[in-house]
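What follows is the residue order along each chain.
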Amino acid sequence: MAHETARQALREPPPPEPLPRAAEVVVIGGGVIGASIAFHLAEAGIRDVLVVERDTLASGSSGKPIGGVRAQFSDPLNIRLGQRSLRAWREFGVRPGADVGLDRVGYLFLLRREEDVAAFREAAAVQRELGVDCRIVEPREAHRLCPYVDPGAIVAAAHSPDDGFALPGPAVRGYLRAARGLGVTVRTHCAVTGFERDGDALTAVRTSAGTVRTGAVVCAAGAWSGGVAALAGHSLPVTPLRRQIALTGPVAPTPPRIPFTLDFASTLYFHGDNAGGLVLGLSDPRQEPGFGREFTDEWLDPFRAAAARVAPSLAELEPAGGGWAGLYEMTPDRNALIGEATGPGRFLYATGFSGHGFLQAPAVGEIVRDLYLGREPFLDVGPLAATRFGTEGNRAAVRPEAHII
């Protein structure tokens, strides 16, 4: 599916729904995490749900990611979140019922340092124990899988054939279309401005469109979650960080079918766009935190330098198809924040995914549903609670994850 199709799928359906006076649960954030949570709550019988979005649906992190889906992680928690979600992405056409353009091309991490090979080999063993198909391959095999790769530039690679990429926009629409059919209300252009309490009880959410009585809130506001939590008297250590990608447009010769390929040492990554071109990206270490989302081209210099080492034919490609910038919602250890805050009222949260929100969204929707209902989730996410950073916002990396780009 071409990226133009993806852009069309992100257009906002008119008109916005009226704001109800009350809701059992208010979900803050109209991205893929909020959409998944709303769907899973409604599917479980909690139909009186309101989703509020400050802008348009999928206008934040969900509108401009690279769409990668994988279970290839080092932390068993992330492996299981990815594994559960991959199953849901494969079945998305049936439940909730939408085409998300899932393309299971696989993931290929290029490894240029022996210490990285050792770490990925250890992680691959954990993945296989949990049922994930992952193996360490030799350089020539990596080149066979992705002909752009110079086999002389790497020591080995980690390959998982079941991973791939999908289209986040249609995923958001699919979840929310199904949720609306179950009774959920979705209101866009509706920013949260505060909360009301009666003693220790949360009683209402104030928004730019009016006040909604409620006793429970789920913060899925992505890069804006820190500010939303502060309004409620809670702390979520989430920092916005710009990330950019470029589209080559159609290139000659037409790219072969390749895995989602990542150079672990430099964070360079690329994959096909299913329209005769490539998607290019790099996590620029020079990028300062902030909410800026303008597309600029200074990151292409380190991208080209990295490409010259591992995939030389990509070094001179120009972003003739344009590009875009979006926000990662970063936490100090680059792992998600999932849980329920202590204190007045019910304030649940699912945020801070640090680039992994889309791929983990189906599993997270299940988990937050169960936390709200007081049921035991399929996975203990206690280690992902915001309290792991302490009351002073300790920035120590307390939850390790090696497979970070």
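Relevant structure appears above.
Residues numbered from 1 in each chain as written. Predicted model: local features only at pLDDT ≥ 70, side-chain atom pairs only at ≥ 80, totals over all residues. Heavy atoms only, no water.

A.B. asks: I'd love a proper account of the nonpolar core, names of residues and values included.
C.D. replies: The biggest cluster of nonpolar side chains holds 76 residues, and the ones touching the most others in it are Val-25, Ile-33, Ile-37, Trp-89, Phe-109 and Ile-338. Ignoring any residue separated from it by four or fewer positions in sequence, one finds Trp-89 in contact with Val-32, Val-69, Val-100, Leu-102, Ala-171, Tyr-175, Phe-358, Leu-359, Ala-361 and Pro-362. (Core = buried A, V, L, I, M, F, W, Y, C linked by side-chain atoms within 4.5 Å. Buried < 20%, exposed > 50% of the residue type's maximum accessible area, 1.4 Å probe, protein only. Contact = heavy atoms within 4.5 Å.)

A.B. asks: Describe the sheet that holds strand S10 (residues 201-207), listing the residues and the values that go with them.
C.D. replies: One open sheet accounts for three strands, arranged S9-S10-S11; its pairing is antiparallel. The sheet is open, and its two borders are formed by strand S9 (192-198) and strand S11 (210-213), each paired with just one other strand. Strand-to-strand twist across the sheet, computed as the mean angle between neighbouring axes with direction ignored, equals 25°. Direction of pairing for S10 relative to S11: antiparallel, over a ladder of four bridges. Residue Val-205 lies in a different strand from S11, and its bridge partner there is Val-212. (Pairing = 2+ DSSP bridges. Helix = DSSP H or I, 4+ residues; strand = E, 2+ residues; numbered from the N terminus. Axes fitted to C-alpha atoms, helices over the stretch in contact; angles between N-to-C directions.)

A.B. asks: Outline the pattern of salt bridges, supporting the account with residue identities and numerical values.
C.D. replies: Within the structure shown, the criterion is met by 17 salt bridges. Among the salt bridges present, the one from Arg-144 reaches Glu-141, with a minimum N-O distance of 2.8 Å. Linking Arg-144 with Glu-141, this pair stays in helix H5 (residues 139-145), spanning three residues, or about one helical turn. Through salt bridges with shared partners, one network takes in Arg-135, Glu-141 and Arg-144. (Salt bridge = Lys/Arg side-chain N within 4 Å of Asp/Glu carboxyl O.)

A.B. asks: Outline the pairing of strand S12 (residues 216-219), supporting the account with residue identities and numerical values.
C.D. replies: Remark: a regular strand shows side chains that alternate across the two faces of the sheet. By the alternation rule, side chains of S12 split into Ala-216 and Val-218 and Val-217 and Cys-219, which are all buried. Note that strand S1 (residues 25-28) and S12 share three bridges and pair parallel. Its bridge partner lying in S12, Ile-28 is registered against Cys-219. In the sheet, S12 pairs with strand S19 (residues 346-351) via four bridges, with the strands oriented parallel. For Ala-216, the partnering residue across the bridge sits in S19 and is Arg-346.

A.B. asks: Please give an account of the pairing of strand S6 (residues 156-160) that cites residues and values.
C.D. replies: Counting buried positions over the five residues of S6 gives five, a clear majority of the element. Both strand S4 (residues 107-111) and S6 contribute to a ladder of five bridges, which runs antiparallel. Of the residues in S6, the one forming a bridge with Leu-111 is Ala-156. Bridging between strand S5 (residues 135-137) and S6 involves three bridges; their strand directions are antiparallel. Each residue of the ladder has a partner; that of Val-137, found in S6, is Ala-157.

A.B. asks: Describe helix H9 (residues 357-373), listing the residues and the values that go with them.
C.D. replies: Taking 1.5 Å of rise per residue, the 17 residues of H9 would be expected to cover 24 Å, and the 22 Å separating its terminal C-alpha atoms lies within 8% of that figure. Of all the bends in H9, the greatest measures close to 45° and is centred on Ala-363. With 15 of 17 residues buried, H9 lies mostly within the body of the structure. Where H9 ends, the next residue or the one after it, Gly-374, has phi of about 75°, a positive value. (Expected span 1.5 Å × (residues − 1). Bend = angle between axes of the 7 residues up to and from the residue.)

A.B. asks: Account for the sheet that holds strand S17 (residues 323-330), naming residues and giving values.
C.D. replies: Within a sheet, each strand pairs with its neighbour through backbone hydrogen bonds, oriented either parallel or antiparallel. Spatial ordering of the open sheet is given by S5-S6-S4-S14-S15-S16-S13-S17, a layout of eight strands whose pairing is mixed. Of all strands in the sheet, those bounded by a partner on one side alone are S5 and S17. Going from strand to strand, the sheet's axes swing by 25° on average, the running direction of each strand aside. Note: strand S14 (residues 260-263) against strand S15 (residues 269-272), two bridges, orientation antiparallel. Within the sheet, the bridge partner assigned to Thr-261 lies in S15 and is Phe-270.

A.B. asks: Go over the packing of helix H2 (residues 32-43) against helix H6 (residues 168-181), please, and point to the residues and values.
C.D. replies: Packed helix pairs are characterised by how far apart their axes lie and by the angle those axes make with each other. Contact geometry for H2 and H6: axes closest at 8 Å, N-to-C directions at 25°. In terms of orientation, H2 and H6 fall into the roughly parallel class. Helix-helix and strand crossings are classified by hand; for H2 and H6 the assignment is left-handed. Across from Val-32, Ala-35, Ser-36, Ala-38, Phe-39 and His-40 in H2, the residues of H6 making contact are Ala-171, Val-172, Tyr-175, Leu-176, Ala-178 and Ala-179. Grouping the constituent residues of the contact of H2 with H6 by class yields ten nonpolar, two polar and no charged. (Parallel < 35°, antiparallel > 145°, perpendicular 65-115°, else oblique. Left-handed = near helix turned anticlockwise from the far one by under 90°. Nonpolar A, V, L, I, M, F, W, Y, C, P; charged D, E, K, R; others polar.)

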